[in-house]
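Remarks on the overall topology
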There are 2 protein chains.
Amino acid sequence: MEKKNHRYCVIMCGGIGSRFWPYSRAERPKQFIDFLGTGRTLLQMSYDRILEAVPKENIVILTNSRYAGLVKEQLPELEDSQILFEPARRNTAPCIAWAAWHIAARDPQASMIVTPSDHVVTREADFIRSVTDGFDFVETHDALLTLGIEPSRPETGYGYIQVGEDVCGEISKVKTFTEKPDLELAKVFLASGEFFWNSGIFLWNVQAIREALRVHCPDVAAVFDSAPEGTFNNFASETEFINTAFPGCLSISIDYAVMEKAKNVYVEKVHFGWNDLGTWSALYDLSPKNRDANVTQNCSVLTYNSTGNIFAVRGEKLIVVDGLKDYIVADADGVLLVCPKSREQDIKRMVNDARVKFGDKYE
Amino acid sequence: MEKKNHRYCVIMCGGIGSRFWPYSRAERPKQFIDFLGTGRTLLQMSYDRILEAVPKENIVILTNSRYAGLVKEQLPELEDSQILFEPARRNTAPCIAWAAWHIAARDPQASMIVTPSDHVVTREADFIRSVTDGFDFVETHDALLTLGIEPSRPETGYGYIQVGEDVCGEISKVKTFTEKPDLELAKVFLASGEFFWNSGIFLWNVQAIREALRVHCPDVAAVFDSAPEGTFNNFASETEFINTAFPGCLSISIDYAVMEKAKNVYVEKVHFGWNDLGTWSALYDLSPKNRDANVTQNCSVLTYNSTGNIFAVRGEKLIVVDGLKDYIVADADGVLLVCPKSREQDIKRMVNDARVKFGDKYE
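Everything quoted here is computed from the prediction, not taken from an experiment. (Residues numbered from 1 in each chain as written. Chains lettered and ligands numbered in written order. Predicted model: local features only at pLDDT ≥ 70, side-chain atom pairs only at ≥ 80, totals over all residues. Heavy atoms only, no water.)

Facing the 34 residues of chain A at the interface are 34 residues of chain B. Interface of chain A and chain B: buried area, both sides summed, is about 2,800 Å²; carbon and sulfur atoms make up 58% of it. Among the residues of chain A in contact with chain B, A:L318, A:D322 and A:L336 are the three that bury the most area, contributing 23% of the side total. If you look at where chain A meets chain B, you find 6 salt bridges. For the interface between chain A and chain B, the tally reads 20 residue pairs in polar contact (both at pLDDT 80 or more). (Contact = heavy atoms within 4.5 Å. Buried area = accessible area lost by both parts, 1.4 Å probe. Salt bridge = Lys/Arg side-chain N within 4 Å of Asp/Glu carboxyl O. Polar contact = N/O pair within 3.5 Å; in protein donor to acceptor, adjacent residues only side chain to side chain.)

Turning our eyes to something else, we now look at the environment of B:D126. All names here are of chain B. Relative to the helices and strands, D126 resides in helix α4 (residues 124-138). The class of D126 is partly exposed, set by a relative accessible area of 23%. Along the backbone, D126 and G200 are 74 residues apart, and their C-alpha atoms lie at a distance of 17 Å. Non-local contacts of D126, meaning those with residues more than four positions away in its chain, are made with H271 and F272. Engagement of the side chain of D126 in a polar contact is seen with the side chain of R129, the distance being 2.7 Å. (Helix = DSSP H or I, 4+ residues; strand = E, 2+ residues; numbered from the N terminus. Buried < 20%, exposed > 50% of the residue type's maximum accessible area, 1.4 Å probe, protein only.)

The subject of this paragraph is the pattern of salt bridges. Residue and element names in this part refer to chain A. Applying the stated criterion to the full structure yields 50 salt bridges over all chains. Two residues, R349 and D353, come together in a salt bridge whose shortest N-O distance is 3.8 Å. Taken together, the positions of R349 and D353, both in helix α11 (residues 347-358) and 4 residues apart, correspond to about one turn of that helix. A relative accessible area of 24% places D353 in the partly exposed class. Salt bridges linked by common partners bring K3, R7, D136 and E139 together as one network.

What follows covers the relation of the copies chain A and chain B. Rotating chain A by 180° and translating it 0.1 Å along the rotation axis places it on chain B, where the RMSD comes to 0.1 Å. These values place the two chain copies in the arrangement generated by a two-fold rotation axis. By residue overlap, the copies meet face to face through one surface: 100% of the interface positions of chain A are interface positions in chain B. (Least-squares fit on C-alpha atoms with pLDDT ≥ 70 in both.)

Next up on the list: the pairing of strand β17 (residues 335-340) of chain B. Counting buried residues in β17(B) gives 6 out of 6 residues, a clear majority hidden from the surface. Side chains B:V335, B:L337 and B:C339 project from β17(B) onto one buried face, and the interleaved B:L336, B:V338 and B:P340 project onto a second face that is buried too. The pairing of strand β15 (residues 318-322) of chain A with β17(B) spans 4 bridges and is classified as parallel. By the bridge assignment, A:L318 is partnered in β17(B) with B:V335. Between strand β16 (residues 327-332) of chain B and β17(B), which pair antiparallel and follow one another directly, the connecting turn spans 2 residues, one of which, B:D333, has a positive phi of 45°. (Pairing = 2+ DSSP bridges.)

What follows concerns the pairing of strand β7 (residues 160-168) of chain B. All names here are of chain B. One ladder, built from 3 bridges, connects β7 with strand β9 (residues 195-205); its direction is antiparallel. Its bridge partner lying in β9, Q162 is registered against F195. Here β7 pairs with strand β8 (residues 171-178) via 6 bridges, running antiparallel. The residue bridging Y160 from the neighbouring strand is T178, located in β8.

Another aspect to go through is helix α8 (residues 235-245) of chain B. All names here are of chain B. Every buried residue of α8 is listed here: E238, F241, I242 and A245. Down the axis of α8, the buried side of the element spans an arc of 95°, and every buried residue falls inside it. With respect to the buried face of α8, the exposed residues turned more than 90 degrees away are A236, E240 and T244. Residues of α8 that are buried sit in contact with β3 (83-86), α3 (92-106) and α7 (218-225). Its side-chain oxygen placed 3.0 Å from the backbone nitrogen of A236, N234 serves as the N-cap of α8. (Arc of directions from axis to C-beta.)

A word on the confidence of the model for chain A. Mean pLDDT over chain A: 94, with 100% of residues reaching 70 or higher. In the model output, the complex is listed with pTM 0.82 alongside ipTM 0.80. (pLDDT = per-residue confidence, 0-100.)

Let us look at unusual backbone geometry. Here the residue pair A:W21 and A:P22 is connected by a cis peptide bond, since its omega of 5° sits within 30 degrees of zero. Mapped onto the elements of the fold, A:P22 is located in the loop between β1 (7-12) and α1 (42-50). A positive phi angle, close to 45°, is found at A:D333, a residue other than glycine. With respect to the element layout, A:D333 can be found in the loop between β16 (327-332) and β17 (335-340). Overall, A:D333 belongs to the partly exposed group, its relative accessible area being 48%. Of note in the backbone geometry, B:L277 takes a positive phi value of approximately 45° without being a glycine. Looking at where B:L277 falls in the secondary structure, it is placed in the loop between β11 (274-275) and α10 (280-286).

Taking strand neighbours across the sheet as the criterion, the 6 strands line up as β12(A)-β14(A)-β16(A)-β17(A)-β15(B)-β13(B) in an open arrangement whose pairing is mixed. The two strands at the open ends of the sheet, each matched to only one other strand, are β12 (295-297) of chain A together with β13 (300-304) of chain B. Each neighbouring strand pair of the sheet contributes to a mean axis angle of 5°, computed without reference to strand direction. Here α11(A) sits on the sheet and contacts β16 and β17 of chain A together with β13 and β15 (318-322) of chain B; the angle it forms with β13(B), its principal contact strand, is near 145°. (Axes fitted to C-alpha atoms, helices over the stretch in contact; angles between N-to-C directions.)

Before going further, it helps to examine the packing of aromatic side chains. Across all of its chains, the model carries 36 aromatic pairs over all chains by this definition. Centre to centre, the rings of A:W101 and A:F224 are 5.6 Å apart; their planes meet at 35°, and the pair counts as tilted. Here A:F224 lies in helix α7 (residues 218-225) and A:W101 lies in helix α3 (residues 92-106), a separation of 123 residues in the sequence. Using a relative accessible area of 4% as the deciding quantity, one classes A:W101 as buried. Owing to a relative accessible area of 1%, A:F224 belongs among the buried residues under this scheme. Taken together, the ring pairs connect A:F20, A:Y23, A:F35 and A:W280 into an aromatic cluster. Over the ring of B:W101 we find B:R210, and its NZ or CZ is 5.0 Å from the ring centre. B:K341 extends its terminal NZ or CZ atom over the ring of B:Y284, reaching a point 3.3 Å from the ring centre. (Phe/Tyr/Trp six-rings, centres within 6.5 Å; stacked < 30°, edge-to-face > 60°. Lys NZ or Arg CZ within 6 Å of the ring centre and 35° of its normal.)

Residue and element names in this part refer to chain A. Tracing the chain through its elements places Q82 in the loop between α2 (68-74) and β3 (83-86). On the basis of relative accessible area, Q82 is assigned to the buried category, the value being 6%. Residue contacts for Q82: discarding those within four places in its chain leaves K56, E57, N58, I59, V60 and I61.

Spelled out as structure tokens, the structure:
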């Protein structure tokens with residue numbers, strides 16, 4: 001399989017997952033947790049599912065040095081050189097740029113998929129089919145490809161992609177990217193059949209993305225182009241360069257830096273049971289319910305007059321609840337949260353309040 | 001102080017305090033907890049406050065052998081012989097009978113006060129004045145005296161005492177004892193001014209209570225009268241006798257066995273800031289509130305849209321709560337309870353459900 005040997009995967013796993021606080025913590029964010037009770041964490045599941053499409057040695061993890069121990073513990077089969085540590089958080093464009101320059105130094109013909117580490121895919125065979133079709137496409141076209149998820153509800157938390165003319169198979173030109181819509185607009189999007197959710201999963205040839213960055217985000221591209229010849233072929237020189245240069249990058253998303261500006265942007269419509277597990281409600285929706293429509297993560301529960309709740313506990317614990325409807329009850333590492341699901345957007349603020357008032361240990 | 005040397009105090013502390021579960025547990029019930037955050041547990045406070053009225057060596061603790069360690073740890077100044085272990089739970093009449101026979105063997109002239117170990121008294125000087133007046137009365141009258149609390153609300157959880165003709169000072173004949181009334185009746189009681197709460201604190205001469213037991217509860221009295229001469233003067237023989245005979249006693253309360261039947265029953269109207277701390281709501285009422293009318297026991301709390309709650313945690317923990325009104329949130333030793341205060345009468349059932357479903361460790 002000559003072709004497969006030029007395929008790479010970049011798994012981004014530096015996020016802190018504060019929307020699942022206190023179950024997900026700065027010390028052990030969401031991607032390092034076995035949220036579905038399968039025995040594999042979200043990162044491990046992301047790794048497992050890409051192995052059919054990409055050789056193991058072509059997988060690169062991008063994370064924060066704080067999580068070095070977790071990544072090595074959860075993916076012991078990786079070489080140290082496959083794990084890149086960002087010295088600062090600079091959103092996705094600098095992170096993807098580094099990965100592109102890193103991979104291009106090893107294999108100038110490489111194509112790559114970039115994927116978050118904390119999403120769920122329930123139909124892995126369909127995922128592999130879509131990813132393989134995507135690789136085939138970006139290897140034969142000058143294309144920046146994003147995977148678009150057919151929407152199932154008028155979600156206001158995602159960006160949408162409007163699909164243009166069909167190119168081949170499930171792949172089309174992108175007409176527009178849109179910001180998160182309000183509910184009315186989201187309903188229009190859903191009814192039109194033309195709008196797909198932006199999954200944050202991308203495929204492209206390394207030269208195509210480097211070129212696109214040079215044109216549309218020259219500040220970031222210039223940082224990596226400024227590296228002396230051979231920098232990215234040597235672990236020590238690369239690390240030294242990145243530790244100095246990376247913090248100087250703009251903090252900007254790849255959508256804003258490139259995808260919304262470039263002309264050669266395509267979308268592949270995919271159907272593989274995707275869920276970004278972005279909120280407690282998403283986890284609730286995805287999880288099996290008991291007969292009172294409650295969801296339980298790792299705990300014994302006795303409920304009275306209580307429905308529609310999600311209970312998540314780290315450590316052995318009995319939860320006894322009366323008179324709660326549609327709440328999150330999460331207990332881990334010295335923090336208990338009791339909060340209506342409808343107020344989950346405020347959890348980030350609560351984390352911040354807790355840090356200000358009681359210190360970093362509760363982050 | 002010849003008179004004081006004949007005064008004894010029996011502190012009953014064998015209860016398991018399940019109404020404060022999971023904060024109060026079978027392994028460490030309510031009376032062994034520093035509920036008011038004063039640095040002294042309820043048992044220690046009960047002991048401390050009686051010391052003005054009774055010599056230290058005349059204090060007797062009646063408890064269960066399961067709590068031997070806790071009693072000795074919390075009251076290290078007591079001799080082993082001052083702690084009596086009931087081999088079985090038989091309600092208050094057999095317990096008080098044993099104490100009376102025990103004390104009478106040591107001092108046939110003794111008078112005694114019997115008090116629970118888990119009530120709160122906020123005005124200790126008034127308490128001592130009332131207790132001293134009570135001792136003076138039972139030492140000069142053939143009287144069984146109970147302390148009556150002036151009611152402040154139409155409480156349906158207590159028995160009431162209807163006061164008859166005045167005898168001296170705050171002491172009157174008892175007209176009737178009543179069972180727990182319904183709310184309508186409790187309101188009538190409150191408005192009448194004739195009804196007082198039955199505090200469960202009693203004073204009498206040891207011969208008077210023994211005689212009353214022989215007349216009104218001969219089954220129980222006969223158990224203790226059957227002891228060979230000298231049994232209660234020797235620790236080993238007493239223990240052996242009790243371990244055999246005590247479990248054979250009827251399980252019956254002193255109210256039902258004696259107080260509701262005897263003719264020589266008196267009530268002393270007292271005003272010393274009494275609270276039986278019988279429920280989470282009682283603890284809530286007694287505790288200082290923050291500006292959102294929430295009460296906190298041993299925990300850091302961040303609240304949003306939440307008022308009227310009581311938060312009680314054993315161990316260091318941050319509680320973050322949104323959208324709870326008038327709830328109990330209690331977390332201790334592997335159990336979390338979230339329950340409306342209005343449903344606190346059901347906590348006993350929850351404890352039972354937890355035991356049936358998940359085992360004794362959660363009791």
